[in-house]
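# Structural features, examined
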Amino acid sequence: YKTVKIGNQTWLAENLAYLPQVNIPFDTSKTSPRYYVYDFKLRDTTAAKATDNYKKYGVLYNWSAAKTACPAGWHLPSEEEWNTLVKKLGGSYFAGNRMKSATEWSSSTTENTNISGFSALPGGYTTEGYFYYIGTYSAWWCSTGVSVTEAKFTAVYNNSASVVTKSEHVGNGYAVRCIKD
C-alpha cells in the first residue's frame, strides 16, 4: 500500500483492499464480518478482485470486518485520530479539499488539491443491500463505537470542502484507511 505521513501520523494513502471473501449486497450483518465491492453482486472473490471498482476504490466493510481488517502494525483509526488529521489539515471546514484527489470527483463544486497526499477517492458506500454515491462521496470507519448498533465514521462529499464525522448503523459498508501503530 502507498502511505503518507501527515503531521505525526502515518496513514494509508489508499483505501484498504483486504478481501478474504465477498458478500452479496443483501447479505448484511451487524455482528459478523461482511466485505463488499461496489456494484458487485456475486460471491466470487477472484472475480470481485478483477473489477475496476475493487482496483480503484478497494473494499467496503461493515464495522465488524473493519475492526479487524488492517494489517499487522496498523489499526482502524479512532475518532480522535481522525480529528487529529483533520485539525492538521486546517480544520473540518477545509480539510476535505486537502484530502480529496484532485481529479477523481464528479462535478465537484470545490477545489480539491490533495495537498496532504491522502488521495481520497469517491468510492461510495453500501447500506441495506444497495450501493450509493460512487463518484461523489467517500466514508471511512472509525474504531469508535457509539452503541451496539452504531459506530462513528468520517466522510467527505463532492460538493463540500468539509470533513464530517457522524455515527451510523454498523451494518453499513464503508471504506477503511488504516493508521500506523
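Look up a bit, the structure's there.
Residues numbered from 1 in each chain as written. Predicted model: local features only at pLDDT ≥ 70, side-chain atom pairs only at ≥ 80, totals over all residues. Heavy atoms only, no water.

Next up on the list: the pattern of salt bridges. A full pass over the atoms with the stated rule returns 5 salt bridges. Across the pair R34 and D27 runs a salt bridge, and its minimum N-O distance is 3.0 Å. A single burial state applies to R34 and to D27, both of which are buried. Residue D27 is classed as buried on the basis of its relative accessible area of 17%. Salt bridges sharing common partners tie together D27, R34 and R43. (Salt bridge = Lys/Arg side-chain N within 4 Å of Asp/Glu carboxyl O. Buried < 20%, exposed > 50% of the residue type's maximum accessible area, 1.4 Å probe, protein only.)

Our focus in this paragraph is the nonpolar core. In terms of nonpolar packing, the biggest core is built from 30 residues, with L19, Y61, W141 and V176 touching the most fellow members. Those elements giving two or more residues to this core turn out to be α3 (63-69), β8 (137-145) and β9 (150-157). Ranked by residue count, the leading element in this core is α3, at 4 residues. Residues contacting V176, with those up to four places away along its chain left out, are E14, N15, L16, V59, Y61, A66, C70, L76 and W140. Counting residues in hydrophobic clusters, the runner-up holds 23 residues, among them W11, Y38, L60 and I179. (Core = buried A, V, L, I, M, F, W, Y, C linked by side-chain atoms within 4.5 Å. Helix = DSSP H or I, 4+ residues; strand = E, 2+ residues; numbered from the N terminus. Contact = heavy atoms within 4.5 Å.)

Take the layout of surface pockets next. Counted as a void, the largest pocket has a volume near 220 Å³. Grouping the amino acids of the lining of the largest pocket by side-chain chemistry returns 6 nonpolar, 3 polar and 5 charged. Reported here for the second largest pocket is a volume of approximately 170 Å³. Forming the boundary of the second largest pocket are Y125, Y133, T136, Y137, F153, Y157, K166, E168, N172 and Y174. Elements supplying a minimum of two residues to the lining of the second largest pocket: β9 and β10 (163-169). Split into classes, the residues belonging to the lining of the second largest pocket amount to 6 nonpolar, 2 polar and 2 charged. (1 Å grid on protein atoms, 1.4 Å probe; cavity = no way out; pocket = protein on both sides within 12 Å on 5 of 7 lines; lining within 4 Å. Points joined across faces, edges and corners; volume = space filled by probe spheres on them. Nonpolar A, V, L, I, M, F, W, Y, C, P; charged D, E, K, R; others polar.)

Quick look at the side chain of S101 now. Among the secondary structure elements, S101 is positioned in the loop between α5 (95-99) and β6 (123-127). Residue S101 is classed as buried on the basis of its relative accessible area, which comes to 10%. Not counting the four nearest positions on each side in its chain, S101 is found in contact with N112, N114, S119, A120 and L121.

Glancing now at unusual backbone geometry. The backbone phi angle of N114 is positive, close to 50°, even though this residue is not glycine. By the secondary structure assignment, N114 is in the loop between α5 and β6.

Here we come to the packing of aromatic side chains. The tally for this structure, following the rule as stated, stands at 18 aromatic pairs. Relative to Y133, the ring of Y132 lies with its centre 6.0 Å away and its plane at 35°, an arrangement referred to as tilted. In this structure Y132 comes out as partly exposed when scored by relative accessible area, which is 32%. Ring centres of F153 and Y174 lie 4.6 Å apart, and the angle between their planes is 25°; on these two criteria the pair is classed as stacked. Linking F153 in strand β9 with Y174 in the loop between β10 and β11 (179-180), this pair joins segments that are 21 residues apart in sequence. Grouping residues by exposure puts F153 and Y174 together as buried. One aromatic cluster is present, built from ring pairs that chain together Y125, Y132, Y133, Y137, W141, F153, Y157 and Y174. The cationic tip of K67 hangs over the ring face of W63; the distance from NZ or CZ to the ring centre is 4.0 Å. (Phe/Tyr/Trp six-rings, centres within 6.5 Å; stacked < 30°, edge-to-face > 60°. Lys NZ or Arg CZ within 6 Å of the ring centre and 35° of its normal.)

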